[in-house]
Every structure is written in structure tokens, then in C-alpha cells.
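Examination of the molecular architecture
Here is what each chain is made of, one letter per residue.
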Amino acid sequence: MTPEALSTLHLHLLTALEAAPAETRRLFHGRGRCWPGLEQLTVDWLQGVVLVSLFKEPELAQLEALKQLLLSLSQSPVWQASGAHTLVLQHRYTLNSDTEWLAGEAIDEWTLTEGGLRYRVDLGRKQNNGLFLDMRYGRDWVRANAQGKRVLNLFAYTCGFSVAAIEGGAQHVVNLDMSRAALSRGRDNHRLNQHDMSKVSFLGHELFKSWGKVKSMGPYDLVIIDPPSFQKGSFLLTKDYQRVVRRLPELLSENAMVLACMNDPAFGSDFLIDGVTLDAPGLRFVQRLDNPPEFPDADAECGLKALLFKQGV
């Protein structure tokens, strides 16, 4: 983070805060490699909370310069006018993703709004707060296409897709994730939006040991696959994604759709398209969903891949 790079960041944030979003949004996406020297930094607007995340440890002098820039920003008229009240710096490169509260009081939980829907997130305690902002268009698509469908949400995490599906009129959603704590937050998210909980199921299981249970609750008209790129002891993208794809045919209804997602910069869309063609030939590729404009990337194939497939001709 050179002085020039920090100056670029400062101007970018001033401009972003002058027109602070009404809902939660990314303000700066350095990881898209569009701004030299800022590749390991992101800034999110969490509706009054500004979350700055560092993904690689900088030199001490660079870190101090960044903090001074942020503190100066938090004392500016633009900051005050935006409604911002809390400034958080998260060190994602440390074992516990240590958090510094640079301005405002520490907050454990916070409620965000996206597309009029509400999501509760954690601040300062976990590596990820509970809502991946780059998947906004994916949640929008599910909401717009869920009417009357039975939905299977694999690797559900805090059930953002499930919330979108039920809001969009889904008949039923089955959420599966091995983290029961994440699914508990998913229940909170549904309740926040006053959803009918009888339309939602939560399976706190390891997927590869639970195929029988998952299959018995189908068939499904829409299956969402959004796994972590790597989760120690449970999921390895290069091996386990294909294990999921091979089982898809037995889970799907006649004209079912599959939303297959991947966010590993090392693999492009062809990894998923070729894998589905090989192991689930009854599915045909339909389209790749756009990523939100606030997530620019020097190489689109390094960003989020959210691909739609359809069963049948």
C-alpha cells in the first residue's frame, strides 16, 4: 500500500460515502485487482458500519498509514453526512481474523437489508459475517424464480438463498449445512422476515453422509450448490464438487434448474461446465449470472461464478 494507492483509496471512499447506499453494499473491491497496491483490501458498507478487511499482513508503516487514513475519514463531514457511526478493521490474515474498532462502539450482531430482506450478521467474532455480498444477484435470481418450487440449498451457511426463495414464493426449501450454528442463524434470518417456518427445513449434516435423507425429501425443482472452496475435513473443491454433481440426476424433477456457484479464482467457468457435462449429462448450461457492478475484476473468470443449468432439452 504505497502513498499513491492509499490516496486512491481515500478518494474512492469519499466518493462512495457521498452517495452512501440505502442498503448494504461493497464500497471498494481491491481483490478484483483493478487498483494496484490495494489487492488485499475490501471495504463494505453495512448500513452505518464501515467494515475494512485486510487479507494480507502489510508492513507496519503501511498499516499505520492506512489507520490514519481511515481515522481521518471517520472525522470528515462526508462521514457524518453519510450516517456512518462505526469503523471496523478486520485482519483476515490472522488466525482469529482479529478485529479493531477504530471508531464507534463494538457491535456483536447487526442487521442488514438487501432487496428489502433482512439478514442478521456477526461483527468482530468470525472470519465471515454471514452474508456474502457478491452473491446479491444470485439471491435476486432465486427470489425471482422460486415461485411454487421445491428447493434444495446445499452448503446453506446462514440460508441467504433460502430467505430469497421463500420470499419469492417457494413451496418448500431444504437447507443443508454441517454447521448447526450457521443454520441457527438461518432460522433467525427467516424469522426476521416473518416467513412461514413450516416451509423451511434445516439439516445439520455432512452432505456426503446424508444423501439418503436429502433424496427422500425430494425431488427438487431447484438445487443450489454454493460450497466453500476449501473447508478442512469436509470439502475440497477439486475433488468434492464432482461428487455432488454426480448425484444431481437422482435429486431433480423433470424440468429442474441448478444454480452452481464457485468463488475460487484459480478455476474458471469451464471447471463447472465441463464437470456438469461429464457427470450430469442431462443438464445443459443456460447462462452465467452477472456479478454486481461493485465487484469489478481484472479477469472475470477469477471472480464469482454463478452458473445456471437446466434439466432436459
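Residues numbered from 1 in each chain as written. Predicted model: local features only at pLDDT ≥ 70, side-chain atom pairs only at ≥ 80, totals over all residues. Heavy atoms only, no water.

Looking at an unreviewed UniProt entry, one finds the chain named Methyltransferase, with Pseudomonas versuta as its source organism.

To continue, consider the sheet that holds strand S4 (residues 86-91). Pairing in this open sheet of five strands is mixed, and the strands run S1-S2-S3-S4-S5 from one edge to the other. In this open sheet, the two strands that pair with only one neighbour each are strand S1 (25-29) and strand S5 (99-103). Averaged over neighbouring strand pairs, the angle between their axes works out to 20° when direction is ignored. Packing of helix H1 (residues 3-18) onto the sheet brings it into contact with S1 and strand S2 (41-46), and relative to S1 it is tilted by some 160°. (Pairing = 2+ DSSP bridges. Helix = DSSP H or I, 4+ residues; strand = E, 2+ residues; numbered from the N terminus. Axes fitted to C-alpha atoms, helices over the stretch in contact; angles between N-to-C directions. Contact = heavy atoms within 4.5 Å.)

In this section: the packing of aromatic side chains. Here the structure, examined in full by the defined rule, presents five aromatic pairs. On the numbers, 4.7 Å between centres and 40° between planes, the contact of Phe-28 with Trp-35 is tilted. Phe-28 gets classed as buried once you look at its relative accessible area, which sits at 0%. In this structure, Arg-31 packs its charged tip against the face of Phe-55, placed 3.9 Å from the ring centre. The cationic tip of Arg-243 hangs over the ring face of Phe-208; the distance from NZ or CZ to the ring centre is 3.8 Å. (Phe/Tyr/Trp six-rings, centres within 6.5 Å; stacked < 30°, edge-to-face > 60°. Buried < 20%, exposed > 50% of the residue type's maximum accessible area, 1.4 Å probe, protein only. Lys NZ or Arg CZ within 6 Å of the ring centre and 35° of its normal.)

Turning our eyes to something else, we now look at the pattern of salt bridges. Going through the model one piece at a time under the given rule, you end up with 14 salt bridges. Put simply, Arg-25 and Glu-23 hold a salt bridge, and the shortest N to O gap is 3.9 Å. The residue Arg-191 makes a salt bridge to Asp-188 at a minimum N-O spacing of 4.0 Å. Placement of the pair is Arg-191 and Asp-188 together in helix H6 (residues 180-192), with a separation of three residues, close to one helical turn. Exposure remark for Asp-188: the relative accessible area of 23% places this residue in the partly exposed category. Linked by salt bridges that have partners in common, Glu-109, Asp-122, Arg-185, Asp-188 and Arg-191 make up one network. (Salt bridge = Lys/Arg side-chain N within 4 Å of Asp/Glu carboxyl O.)

Taking 1.5 Å of rise per residue, the 15 residues of helix H2 (residues 60-74) would be expected to cover 21 Å, and the 21 Å separating its terminal C-alpha atoms lies within 8% of that figure. Within the span of H2, buried status applies to Leu-63, Leu-66, Lys-67, Leu-69, Leu-70, Leu-73 and Ser-74. Angular distribution of buried residues about the axis of H2 spans 160°; they occupy a single face of the element. Counted as exposed and oriented over 90 degrees from the buried face of H2: Leu-60, Ala-61 and Gln-68. Buried residues in H2 make contact with H1, S2, strand S3 (49-54), helix H3 (77-82), S4 and S5. (Expected span 1.5 Å × (residues − 1). Arc of directions from axis to C-beta.)

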